[in-house]
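An overview of the molecular structure
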Amino acid sequence: MISIILPIGLILILSLCRVPVVASIIFSALLAGCLSKLGLHQALQSFNNGIENGASIALSYALLGSFASALARTQTPLWACEKISVLLLATKTHWPKAVLFSTLLVAAIFSQNLIPIHIAFIPIMLPPLLLLITRMTIDRRAIACILTFGLIATYLFIPVGFGAIYLEEILLKNLRFAGLDTQGINLYIAMGLPVAGMFLGLLVALFYSYKKPRLYSESLENTTLALPKTPPIINITACFLAIITTCAVQLLTHSMMLGALMGFAVLVLFRLIKIEETEGIFISGIKMMASIGFIMISAQGFAQVLKDTGEITTLVNTVGQILANHEGLGIFAMLLVGLVVTLGIGSSFSTIPIIATIFVPLCVAAGFSPMAIAALIATAGALGDAGSPASDSTLGPTAGLNADGQHDHMRDTVWPTFLHFNLPLLVFGWLAVMLLK
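Predicted, not measured: the structure shown is a model, and the values here were computed from it.

Quick notes on the rules
- In this convention, every chain numbers its residues from 1, walking through the sequence in written order.
- At least 70 in pLDDT is required for a residue's local features to be given in this predicted model, at least 80 for side-chain atom pairs to be given and counted, and no such filter applies to totals for whole chains, interfaces and linings, which use all residues.
- Calculated side-chain values reflect all of the structure's heavy atoms, with hydrogen atoms and water omitted.
- Comment: elements are numbered from the N terminus, with helices defined as DSSP H or I runs of at least four residues and strands as E runs of at least two.
- Working definition: with a 1.4 Å probe on protein chains only, accessible area under 20% of the residue-type maximum means buried, over 50% means exposed, and in between means partly exposed.
- Every angle, taken between N-to-C directions, lies between 0 and 180 degrees, and every axis is a line fitted to C-alpha atoms, over only the stretch in contact when it is a helix.
- Any angle from 65 to 115 degrees is called roughly perpendicular, while one under 35 is roughly parallel, one over 145 is roughly antiparallel, and all others are oblique.
- Helix crossings get a hand from a simple test, with the near helix turned counterclockwise from the far one by less than a right angle marking a left-handed crossing and a clockwise turn marking a right-handed one.
- Note on contacts: a residue pair is in contact if any heavy atoms of the two residues lie within 4.5 Å.
- Under the scheme applied, nonpolar residues are Ala, Val, Leu, Ile, Met, Phe, Trp, Tyr, Cys and Pro; charged residues are Asp, Glu, Lys and Arg; polar residues are all the others, including Gly.
- Stacked, tilted and edge-to-face are the three classes assigned to paired rings of Phe, Tyr and Trp, where Trp is represented by its six-membered ring and a pair needs centres within 6.5 Å; plane angles under 30 degrees give stacked, over 60 edge-to-face, the rest tilted.
- Whether a charge lies above a ring is judged from NZ of Lys or CZ of Arg, which has to be within 6 Å of the ring centre and within 35 degrees of the ring normal.

1. Thoughts on the environment of I8
With respect to the element layout, I8 can be found in helix α1 (residues 2-16). Taking the relative accessible area as the measure of exposure, I8 reaches 6% and is therefore buried.

The structure is reproduced here in structure tokens:
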């Protein structure tokens with residue numbers, strides 16, 4: 001177990017010491033190999049095998065960055081966001097902040113279910129709003145919490161879009177594979193309390209932790225809120241058509257990469273982007289999302305090393321012994337295992353298959369109901385998605401909020417989301433299992 005817990009702890013410590021997240025993950029992967037039966041050379045081989053799994057994800061995010069860069073070049077998103085900014089700042093009440101927060105929350109929720117483009121909307125929508133956020137002296141940590149809540153709580157509770165993938169194609173499928181009868185499981189009831197805990201954490205973040213104004217420098221290129229000239233109607237139409245095309249292609253093909261390429265192509269066809277400019281815009285967009293891509297790639301390598309150590313099974317079996325003797329403590333330990341595994345892997349979607357195979361027999365032997373088992377494993381998988389340095393649910397908000405270099409990934413996104421979402425998930429997830437068992 002030490003070969004899992006120590007490397008994950010090392011990632012967090014090194015990241016807090018401002019060591020690049022990619023370097024922290026690589027060092028931690030090598031430490032996991034050295035502490036286990038793998039050894040240094042085999043750990044390197046395992047890491048190299050794992051990074052292949054993250055290549056397609058990283059390329060998809062890079063192409064989405066290029067699409068976002070192309071949209072920004074048309075000036076239409078900037079015009080729309082600055083028009084909103086002027087209207088909101090003209091109102092001298094608390095409503096502008098409420099409208100802004102609500103808009104970002106709805107966008108995050110829709111990105112998971114109604115228009116499942118995941119974090120692709122963040123680099124398009126957020127950078128043009130940073131000047132407004134700076135002028136309103138809003139603490140960006142509050143916005144990071146809003147975005148992360150919308151990205152995670154939605155797929156935990158609503159079985160549509162990414163929620164359908166997590167709850168039906170991954171959770172229920174793996175529960176059935178482990179031998180559990182999933183008929184009659186009401187996912188709304190099973191996940192109601194855990195999601196309510198996350199919502200409580202969001203309220204604490206907005207109305208207590210990050211309520212006070214926070215000052216940032218107006219370092220953006222456009223430091224005036226004078227409304228720019230309205231773009232031609234053809235520009236606005238082409239931008240909306242490009243966004244719709246990106247969403248439609250992704251829904252039809254289940255490929256973010258192809259969706260981003262088609263959206264980029266629409267802007268070129270409408271001549272909003274000149275052919276000779278495409279390479280420069282493409283590269284600038286890739287640079288914008290490059291850090292996320294490399295973190296995702298290295299996280300997949302780290303996940304493969306953890307799996308190959310064989311220590312995850314040992315960790316889960318230890319929890320099973322605790323469950324046999326102390327039921328309440330055993331449930332809490334299972335949730336902690338999910339937290340530890342997801343913190344290291346960075347993906348709740350990848351955690352479920354790892355823990356479900358062993359957790360289901362243990363819970364069935366303990367007499368838990370199918371609803372309680374579903375709540376336990378779904379919550380255990382989600383724990384760590386908020387608060388992991390390698391999670392796209394934290395990397396996405398950082399990419400948007402740090403467009404002007406004033407938002408630190410670890411201090412301003414990872415720790416706020418960890419404290420306000422993982423701690424409530426632990427408590428309310430435990431409570432849900434105890435009530436449903």
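2. Remarks on the packing of helix α9 (residues 162-177) against helix α17 (residues 370-382)
Relative orientation of the contacting elements α9 and α17 amounts to 120 degrees, with a least axis distance of 11 Å. Classified by the interaxial angle, the pair formed by α9 and α17 is oblique. Crossing geometry of α9 relative to α17 is assigned as right-handed. Residues Y166, L171 and L175 of α9 form the contact with α17, whose own contacting residues are I373, A374, I377, A378, G381 and A382. The class makeup of the residues in the contact of α9 with α17 is eight nonpolar, one polar and no charged.

3. Some words on the packing of aromatic side chains
Applying the stated criterion across every chain yields a total of five aromatic pairs. Between F149 and F421 the ring centres are 6.1 Å apart and the planes differ by 40 degrees, which places this aromatic pair in the tilted class. Placement of F149 in helix α8 (residues 140-157) and of F421 in helix α19 (residues 409-436) is noted, with a sequence separation of 272 residues between them. With respect to burial, F149 and F421 carry one shared label: buried. Relative to F418, the ring of W415 has its centre 5.8 Å away and its plane inclined at 70 degrees; by these criteria the two rings are edge-to-face. Within this pair, W415 and its partner F418 are both found in helix α19, separated by three residues, close to a single helical turn. Through a chain of ring-to-ring contacts, the aromatic side chains of F149, F199 and F421 assemble into a single cluster. In this arrangement the basic side chain of R140 is found over the ring face of Y216, its NZ or CZ atom lying 4.2 Å from the centre.

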